[in-house]
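Examination of the molecular architecture
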Amino acid sequence: MKVQGTYELKTCNILDKWKNENIILDWEYTKDRISYIGIDNKKHSYLLDFKVFRNDGTWYYLEVKGFERPNDKLKWQSVKDNGYELEIWFEKDIINNE
(Lines give C-alpha, C1' and ligand atoms only; values in the text may rest on other atoms or scores of the structure.)
Protein backbone atom coordinates (compact mmCIF):
# COMPACT_ATOMS: atom_id res chain seq x y z
CA MET A 1 0.00 0.00 0.00
CA LYS A 2 1.30 3.44 -0.89
CA VAL A 3 0.29 6.31 1.40
CA GLN A 4 0.79 10.05 1.13
CA GLY A 5 3.07 10.91 4.01
CA THR A 6 4.15 10.16 7.54
CA TYR A 7 0.79 11.00 9.15
CA GLU A 8 -1.03 8.51 6.95
CA LEU A 9 1.60 5.85 7.62
CA LYS A 10 1.31 6.38 11.38
CA THR A 11 -2.47 6.18 11.06
CA CYS A 12 -2.16 2.85 9.21
CA ASN A 13 -0.13 1.53 12.14
CA ILE A 14 -2.71 2.78 14.65
CA LEU A 15 -5.58 1.23 12.70
CA ASP A 16 -3.70 -2.07 12.39
CA LYS A 17 -3.16 -2.06 16.14
CA TRP A 18 -6.85 -1.29 16.76
CA LYS A 19 -7.84 -4.15 14.45
CA ASN A 20 -5.50 -6.59 16.21
CA GLU A 21 -6.91 -5.50 19.58
CA ASN A 22 -10.52 -5.84 18.29
CA ILE A 23 -11.19 -2.14 18.84
CA ILE A 24 -12.34 -1.99 15.20
CA LEU A 25 -13.38 -4.71 12.78
CA ASP A 26 -11.27 -3.49 9.87
CA TRP A 27 -10.14 -0.47 7.86
CA GLU A 28 -9.13 0.39 4.31
CA TYR A 29 -7.16 3.08 2.53
CA THR A 30 -10.04 4.26 0.42
CA LYS A 31 -10.33 5.68 -3.06
CA ASP A 32 -13.80 7.08 -2.30
CA ARG A 33 -14.46 10.55 -3.65
CA ILE A 34 -17.02 13.20 -2.78
CA SER A 35 -17.88 16.20 -4.96
CA TYR A 36 -17.84 19.64 -3.38
CA ILE A 37 -17.96 23.30 -4.43
CA GLY A 38 -14.67 25.04 -3.63
CA ILE A 39 -13.98 28.58 -2.56
CA ASP A 40 -13.62 29.33 -6.29
CA ASN A 41 -17.29 28.29 -6.74
CA LYS A 42 -16.21 25.43 -9.02
CA LYS A 43 -16.96 21.73 -8.62
CA HIS A 44 -14.09 19.65 -7.25
CA SER A 45 -13.53 16.07 -6.14
CA TYR A 46 -12.36 15.22 -2.62
CA LEU A 47 -10.40 11.97 -2.16
CA LEU A 48 -10.91 10.62 1.35
CA ASP A 49 -8.11 8.89 3.28
CA PHE A 50 -9.51 5.97 5.27
CA LYS A 51 -12.71 4.05 5.82
CA VAL A 52 -12.91 2.55 9.33
CA PHE A 53 -15.29 -0.33 10.04
CA ARG A 54 -16.60 -0.64 13.57
CA ASN A 55 -17.32 -3.99 15.22
CA ASP A 56 -21.07 -3.28 15.02
CA GLY A 57 -20.95 -3.12 11.21
CA THR A 58 -21.12 0.67 10.88
CA TRP A 59 -18.27 2.68 9.40
CA TYR A 60 -16.91 6.19 9.13
CA TYR A 61 -14.36 8.12 7.10
CA LEU A 62 -11.12 9.21 8.72
CA GLU A 63 -9.16 12.13 7.30
CA VAL A 64 -5.58 12.80 8.41
CA LYS A 65 -4.28 16.37 8.15
CA GLY A 66 -1.05 18.18 8.92
CA PHE A 67 -2.91 21.48 8.93
CA GLU A 68 -6.20 22.91 7.74
CA ARG A 69 -6.28 24.35 4.22
CA PRO A 70 -8.79 26.91 2.85
CA ASN A 71 -11.06 24.35 1.11
CA ASP A 72 -11.00 21.76 3.92
CA LYS A 73 -14.13 22.89 5.76
CA LEU A 74 -16.06 22.85 2.46
CA LYS A 75 -14.83 19.30 1.75
CA TRP A 76 -15.69 18.08 5.24
CA GLN A 77 -19.13 19.65 5.13
CA SER A 78 -19.81 18.00 1.77
CA VAL A 79 -19.02 14.59 3.26
CA LYS A 80 -21.49 15.24 6.09
CA ASP A 81 -24.08 16.68 3.68
CA ASN A 82 -23.89 13.39 1.76
CA GLY A 83 -24.87 11.55 4.95
CA TYR A 84 -21.47 10.19 5.93
CA GLU A 85 -19.69 10.33 9.26
CA LEU A 86 -16.24 11.93 9.18
CA GLU A 87 -13.53 12.11 11.80
CA ILE A 88 -10.55 14.43 11.33
CA TRP A 89 -7.16 13.70 12.90
CA PHE A 90 -4.38 16.25 13.17
CA GLU A 91 -0.88 15.55 14.51
CA LYS A 92 -2.01 15.77 18.15
CA ASP A 93 -4.72 13.16 17.51
CA ILE A 94 -2.22 10.80 15.90
CA ILE A 95 0.17 11.22 18.84
CA ASN A 96 -2.68 10.62 21.32
CA ASN A 97 -3.62 7.38 19.56
CA GLU A 98 -0.10 5.99 19.12
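The sections below set out a description of the structure shown in this document. (Residues numbered from 1 in each chain as written. Predicted model: local features only at pLDDT ≥ 70, side-chain atom pairs only at ≥ 80, totals over all residues. Heavy atoms only, no water.)

Some points on the overall build of the protein chain
Selection rule: Runs of E in the DSSP output that reach at least two residues are strands. Runs of H or I that reach at least four are helices, and both are numbered from the N terminus. C-alpha atoms define the radius of gyration in this analysis, and the globule rule sets the expected value at 2.2 Å times the number of residues to the power 0.38. Buried residues are those whose accessible area, probed at 1.4 Å on protein chains only, stays under 20% of the maximum for their type, while exposed residues exceed 50% and partly exposed ones sit between those limits.
Per the secondary structure count, the protein chain includes 3 helices and 6 strands. The secondary structure elements of the protein chain, listed N-terminal to C-terminal, are α-β-β-β-β-β-α-β-α. For 98 residues, the compact-globule formula gives about 13 Å, and the C-alpha radius of gyration of the protein chain, at 14 Å, lands near that figure. Dimensions of the protein chain, computed from C-alpha atoms along their principal axes, come out at roughly 45 × 30 × 25 Å. A burial count over the protein chain gives 35% of its 98 residues as buried.

Observations concerning the sheet that holds strand 5 (residues 59–64)
Quick note on the threshold: Between any two strands, pairing holds if DSSP finds at least two bridges. Lines fitted to C-alpha atoms define the axes, with helix axes restricted to the stretch in contact, and inter-axis angles between N-to-C directions lie between 0 and 180 degrees. Contacts between residues were defined by any pair of non-hydrogen atoms, one from each residue, lying within 4.5 Å.
Taken in spatial order, the 4 strands line up as 1-4-5-6 in an open sheet, and their pairing is mixed. Looking at which strands have only one partner, the edges of the open sheet turn out to be strand 1 (26–29) and strand 6 (86–89). Between one strand axis and the next, the sheet turns by 25 degrees as a mean value, whatever way the strands run. Across the sheet, helix 2 (residues 72–81) is in contact with strand 5 and strand 6; its angle to strand 6 comes to roughly 155 degrees.

Structural notes on the pairing of strand 3 (residues 43–47)
The pairing of strand 2 (residues 33–37) with strand 3 spans 5 bridges and is antiparallel. When the sheet's bridge partners are listed, Y36 is paired in strand 3 with H44. Between the end of strand 2 and the start of strand 3, which pair antiparallel, lie 5 residues, with N41 showing a positive phi angle near 65 degrees.

Brief notes about the side chain of T30
Here T30 shows up in the loop between strand 1 and strand 2. According to the relative accessible area criterion, T30 is buried, its value standing at 3%. When neighbours within four sequence positions are excluded, T30 is seen to be in contact with L47, L48, D49, F50, K51 and Y61.

Thoughts on helix 2
The cut-off we apply is this: To be clear, the arc concerns the directions from the helix axis to the C-beta atoms.
Residues of helix 2 that are buried: D72, K75, W76, S78 and V79. Burial along helix 2 is one-sided: seen end-on, the buried residues are contained in an arc of 155 degrees. Pointing more than 90 degrees away from the buried face of helix 2 are the exposed residues K73 and D81. At its buried positions, helix 2 is contacted by strand 2, strand 3, strand 5 and strand 6.

Some details on the pattern of salt bridges
Keep this limit in mind: We define a salt bridge as a contact between a side-chain nitrogen of Lys or Arg and a carboxyl oxygen of Asp or Glu at a distance within 4 Å.
Summed over all chains, the structure comprises 7 salt bridges. Ionic pairing is found between K65 and D72, a salt bridge with its closest N-O pair at 3.4 Å. Across the pair, D72 and K65 agree in class, each one buried. In this structure, D72 and K75 form a salt bridge, with 3.8 Å as the shortest nitrogen-oxygen distance. One end of the pair, D72, and the other, K75, are both in helix 2, 3 residues apart, so they sit about a helical turn from each other. There is no split in this pair, since D72 and K75 are both buried. Three or more residues are tied together by salt bridges with common partners; here these are K65, D72 and K75.

Note that every value here comes from positions in space, so none of it alone points to a role or purpose.
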